[in-house]
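# Tertiary structure, described
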Amino acid sequence: MPPGVGVVETQRAVVFDGDRPLTLDSGAQIPRVEVAYETYGRLNAERSNAVFICHALSGDAHAAGIHEGDDPDRPGWWDNIIGPGRPLDTDRFFVICANVLGGCSGTTGPSSPDPRTGGPYGLRFPLIQVRDLVTVHRALLAELGVERLLAAVGGSLGGMQVLQWTIDHPGEIDGALVIAASGRLSAQNIAFSAVAREAIMRDPDFNGGDYYDTGARPDRGLGLARMIGHITYLSEESMREKFGRRIQDAEMPRFGFDVDFQVESYLHYQGQSFVERFDANTYLYLGRVMDYFDPFRDPVKVQRRVEAGGTSYLVLSFDSDWRFSTAHSKEIAAELRLAGAPVTFREISSSHGHDSFLFAIPDYHETVSGFMDRLAGERDIG
Amino acid sequence: MRPDLDIVAAMVAPGSRVVDLGCGDGALLETLIREKGCEGLGIERDPDGFHACIARGVPVTQGDLEAELEEIEAGAFDVAILSLTLQAVRHPDRVLAGMKRIAPRQIVSLPNFGHWRLRAGLALRGRMPVTPILPYQWYDTPNIHLCTLNDFERLTDETGMEIERRVVLNGNGEAERGPAKLAPNLLAQGAVYALEG
């Protein structure tokens, strides 16, 4: 792969503060909101080439390139799609990625200090929705002087933000790329989400969400939640290919209750590495954000807004994804088409399950490139 | 654009909601969207055709048209188009019925296996015919359900469709003006039908 965007830095902006608190859709207020974000490429003179990346549950602002001193082989989480000559081509586009509201990687969330008490919010952080995440993205764009987007792109929870954005704020986005997302979680999705939440909340170290100053964090619960989540991100086929029934560090099974199979070892590693970088309360809040997501609840409103918006959509799914299967994406496409939107849909073949959207699958990237070229062509972006 | 597609385009009323089943590179839909203010959707299995549609800005679903057709809601479109594709589908009868279900107007074009050259090829040479409109060898062809115009018209009748208009085609896919109009099942290379049902 040719070189990417190189060394980048996470930047910060305070987008709500003082006289201008963030008022959530629920009416609750957050007095101060700081956003961590990164940008790649340059905003053109017409300000017509901005592309916003919405990240998924465990993502952050560091989508591409490397931070000073980092291992060059471990770039940002979506580096394979962002960079010169890549589908989100930074020679042509000004790419922005921000940590979401409620996150734990620089943007205000439950681990941030509550200005009213000085201590971390914990579960006193108000419940948020996808549309609140979008409100904060838009405030950041206003700060950056970007009034409209050539494209908004996101996988999973990221795609859900893109979808809500186009419905709530018609006319701001030329092209919406909604990848491996859902317009409405299924009972099975919500069930998995419930088990993950229980795992965290039943951890004795959870302490009602006030674990920041106790010296013990609910790592077992969060690790378990991540292990459950991770099973739903992979496909049966990819697990079989990767691990089969092989035994970890041995030829013969040890027969016991400790980790023995490779897949067990892998899940434990995923759980452990996750707790080092992620906050349990953020996991709870963003899990709930997804559970309650229902942008098509009012079809009349959706139709009015989609018609006014003029956004064209690219909806993509992956055949091995059973978390948000192709049926979820087809439902999104059908709802949008019913509302009169131009929607292009493709199911991509891949064995990587829900995580497929993070992989450089040729059919997938070619489709994204083609869609981006088309959007760029309509705005004369060379 | 292929001349037969011009004939199809002329049959579509401005502003219609149109689905093109097996839309290829999306040329017809692009014309309908740009010149007639239609809302369009293409279904195309071939990745090259799918990408060509994206490049034209034509909304498209990549997939098998027979499977996708089943998933489209009844009455979702004003016009359903199937151009030179009926002979390549697995269940032509179900596809016609499906088109009727999703749109009150249907436009279907097809090659005519009853054309005299095809009949002569089979009768005199005893070989499966190869012609400009049917250029494939029998063992390597997407066309698995060839029929004559008479066969097709009978199927439309059985499906409960009315033939509102028929334009007969010559070997270049252009409208025939000569004697083919009098005995199309023998003299036309193909036809475009505007149907209602």
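This structure is a prediction, so every number in the text was calculated from the model and none was measured. Counting restarts for each chain: residues are numbered from 1 in the order of the written sequence. Written order determines the labels here, with chains lettered from A and ligands numbered from 1. For a predicted model such as this one, the threshold for reporting local features is a pLDDT of at least 70, and the threshold for listing and counting side-chain atom pairs is 80 or more; totals across whole chains, interfaces and linings nevertheless cover every residue.

The next subject is the overall build of chain B. Runs of E in the DSSP output that reach at least two residues are strands. Runs of H or I that reach at least four are helices, and both are numbered from the N terminus. Per the secondary structure count, chain B includes 8 helices and 7 strands. Here the globule rule is a power law, 2.2 Å times the number of residues to the power 0.38, and the radius of gyration is based on C-alpha atoms. Here chain B has a C-alpha radius of gyration of 16 Å; the compact-globule value for 197 residues is 16 Å, and the two agree. Its C-alpha atoms put chain B at 45 × 35 × 30 Å along the principal axes. Buried, partly exposed and exposed are defined by the number of other C-beta atoms within 10 Å of a residue's own C-beta, namely 20 or more, between the two limits, and 12 or fewer respectively, with C-beta atoms placed from the backbone. For chain B, buried positions account for 46% of its 197 residues. Within chain B, counting contacts between residues at least 6 apart in sequence, those at least 24 apart form 62% of the total. The contact criterion used here is simple: two residues whose C-beta atoms, placed from the backbone, lie within 7 Å are in contact.

For the rest of this paragraph, the subject is the environment of Val130 of chain B. Residue and element names in this part refer to chain B. Of note, Val130 is situated in the loop between α6 (116-125) and α7 (149-159). By the C-beta count within 10 Å, which is 13 here, Val130 ends up partly exposed. The spatial distance from the C-alpha of Val130 to the C-alpha of Arg117 is 9.4 Å, given a sequence separation of 13 residues. Ignoring any residue separated from it by four or fewer positions in sequence, one finds Val130 in contact with Pro135 and Gln137.

This brings us to the domain arrangement of chain A. Frequently, the measure chosen for interface size is the accessible area removed from exposure when the parts meet. All names here are of chain A. The split into domains, and so the bounds of each, comes from an automatic or database assignment of domains. Taken domain by domain, chain A holds domain 1 (7-184 + 294-378) and domain 2 (189-288). Each of domain 1 and domain 2 has a C-alpha centre, and the two are 26 Å apart. If you look at the interface, domain 1 gives 23 residues, while domain 2 gives 19 residues. The residue makeup of the side of domain 1 that touches domain 2, split by class, is 10 nonpolar, 11 polar and 2 charged. Residue polarity is assigned by list, with Asp, Glu, Lys and Arg as charged and Ala, Val, Leu, Ile, Met, Phe, Trp, Tyr, Cys and Pro as nonpolar; anything else, Gly included, falls into the polar class.

Residue and element names in this part refer to chain A. Structurally, Arg277 is set in helix α6 (residues 262-277). Arg277 gets classed as exposed once you count the C-beta atoms within 10 Å, which come to 10. Each C-alpha atom, one on Arg277 and one on Thr214, is 18 Å from the other, the two residues being 63 residues apart in sequence.

The span one expects for a helix is its residue count, reduced by one, times 1.5 Å. Between its first and last C-alpha atoms helix α10 (residues 362-378) of chain A spans 24 Å; for 17 residues at 1.5 Å apiece the expected length is 24 Å, and the two agree. Of the positions making up α10 of chain A, those classed as buried are Tyr364, Thr367, Val368, Phe371, Met372, Arg374, Leu375 and Ala376 of chain A. Looking at the buried positions of α10 of chain A, the neighbouring elements they touch are β9 (88-89), β11 (149-155), β12 (173-179), β13 (312-318) and β14 (343-348) of chain A together with α3 (47-56) of chain B. Just beyond α10 of chain A, the residue with positive phi is Asp380 of chain A, at close to 55°.

A few words now on the pairing of strand β6 (residues 50-54) of chain A. All names here are of chain A. The element β6 is extensively covered by neighbouring structure, given that 5 of its 5 residues are classed as buried. Here β6 shows two buried faces, one formed by Ala50, Phe52 and Cys54 and the other by Val51 and Ile53. What makes two strands pair is DSSP finding at least two bridges between them. Direction of pairing for β6 relative to strand β10 (residues 94-98): parallel, over a ladder of 4 bridges. Along β10, the bridge assignment pairs Ala50 with Phe94. Sheet analysis places β6 next to β11, joined by 4 bridges and oriented parallel. Considered in β11, the bridge of Val51 is made with Ala151.

The interface of chain B with chain A comprises 12 residues on the first partner and 12 residues on the second. Of all elements in the fold, only β2 (39-44), α3 and β3 (60-62) of chain B reach the threshold of two or more residues within the side of chain B that touches chain A. For the side of chain B that touches chain A, the element with the most residues is α3 of chain B, which contributes 5 residues. Within the side of chain B that touches chain A, the residues separate by chemical class into 7 nonpolar, 4 polar and 1 charged.

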